[in-house]
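# Tertiary structure, described
Each chain is listed here by its residues.
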Amino acid sequence: MAMMEKNIFLDIVEGKIPAEIVYQDDHCLAFRDISPKAPTHILVIPLKEIRTHADVTEEDCELLGRMQLAAAKIAKQEGLDGYRLIINCEESAGQTVPHLHLHVMGGRDFTWPPG
Ligand code: DGP
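Predicted model only: the values in this text are computed from it and were never measured. (Residues numbered from 1 in each chain as written. Predicted model: local features only at pLDDT ≥ 70, side-chain atom pairs only at ≥ 80, totals over all residues. Heavy atoms only, no water.)

With that settled, consider the overall build of the protein. The helix and strand inventory of the protein stands at two helices and five strands. Ordered by position from N to C terminus, the α and β elements of the protein give α-β-β-β-α-β-β. Relative to a compact globule of 115 residues, whose C-alpha radius of gyration would be 13 Å, the protein shows 14 Å and is just as compact. In terms of its C-alpha atoms, the protein occupies a principal-axis envelope of roughly 35 × 30 × 30 Å. Considering the protein as a whole, with its 115 residues, one finds that 37% of them fall into the buried category. Long-range pairs, those at least 24 residues apart, make up 60% of the contacts in the protein between residues at least 6 apart in sequence. Approximately 6800 Å² of the protein is accessible, and the part contributed by carbon and sulfur atoms is 54%. (Helix = DSSP H or I, 4+ residues; strand = E, 2+ residues; numbered from the N terminus. Rg over C-alpha atoms; globule rule 2.2 N^0.38 Å. Buried < 20%, exposed > 50% of the residue type's maximum accessible area, 1.4 Å probe, protein only. Contact = heavy atoms within 4.5 Å. Areas by Shrake-Rupley, 256 points an atom, 1.4 Å probe, with all protein chains shown as cover.)

Spelled out as structure tokens, the structure:
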């Protein structure tokens with residue numbers, strides 16, 4: 001089981017650590033994963049602090065839609081003709097950073113079911 005670490009993504013939002021940012025708007029920020037598992041591997045995060053997917057509430061409905069829209073825009077921007085979106089929720093599902101994030105992965109074929 002992966003250990004949930006410090007919220008390093010807040011440091012990226014605040015510009016305290018560098019990241020290759022590929023997209024940003026008033027609600028979301030997206031940057032390349034430091035340890036890519038596909039030729040294109042980008043993380044879309046909300047600017048709002050949400051620890052994990054299970055913590056979202058009614059008031060986050062628009063934000064969740066914004067994250068999905070950002071992912072679709074990024075996939076186009078990256079020239080992906082197919083892609084996979086993943087949210088790992090809690091350590092048992094592989095979440096290692098305690099800030100909600102949507103993986104946008106493409107550039108190779110994927111198998112199903114994922115491990
Ligand atoms: P997850 O396992 O779903 O919590 O995904 C976390 C991802 O975050 C993982 O694929 C590696 C990535 N990551 C961790 N630390 C950093 C960092 O400092 N910078 C960037 N760009 N990505 C990071």
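Quick look at the site of the ligand now. Surrounding the ligand, one finds 16 residues, the nearest of these being D33, N88, G94, T96 and H103. In this structure, a nitrogen atom belonging to the ligand sits 3.2 Å away from a main-chain N or O atom of I34. Between the ligand and the protein, one listed contact pairs an oxygen atom with a backbone N or O atom of G94 at 2.7 Å. Contact with the protein chains covers 84% of the free accessible surface of the ligand, which is 510 Å². More than half of the atoms of the ligand fall within 2 Å of the grid points belonging to the largest pocket. Considering each element in turn, the shell around the ligand owes the most residues, three residues, to helix α1 (residues 8-13). (Near = heavy atom within 4 Å. Polar contact = N/O pair within 3.5 Å; in protein donor to acceptor, adjacent residues only side chain to side chain. 1 Å grid on protein atoms, 1.4 Å probe; cavity = no way out; pocket = protein on both sides within 12 Å on 5 of 7 lines; lining within 4 Å. Sits in = over half its atoms within 2 Å of the grid points.)

With respect to the element layout, D11 can be found in helix α1. A residue is classified by how much of its surface remains accessible, and D11, at 14% relative accessible area, is buried. Not counting chain neighbours up to four residues away, the residues in contact with D11 comprise K6, K16 and I17.

In total, this model carries nine salt bridges according to the counting rule given. One salt-bridge network, held together by shared partners, links E20, R32 and E78. (Salt bridge = Lys/Arg side-chain N within 4 Å of Asp/Glu carboxyl O.)

Next up on the list: the UniProt feature "domain: HIT" (unreviewed entry) in the protein. Following the UniProt record, the feature "domain: HIT" (unreviewed entry) maps to residues 8-115 here. Summarising residues 8-115: 21% helix, 23% strand, and an end-to-end C-alpha distance of 25 Å. (UniProt positions renumbered as here; feature names shortened; annotations may be inferred.)

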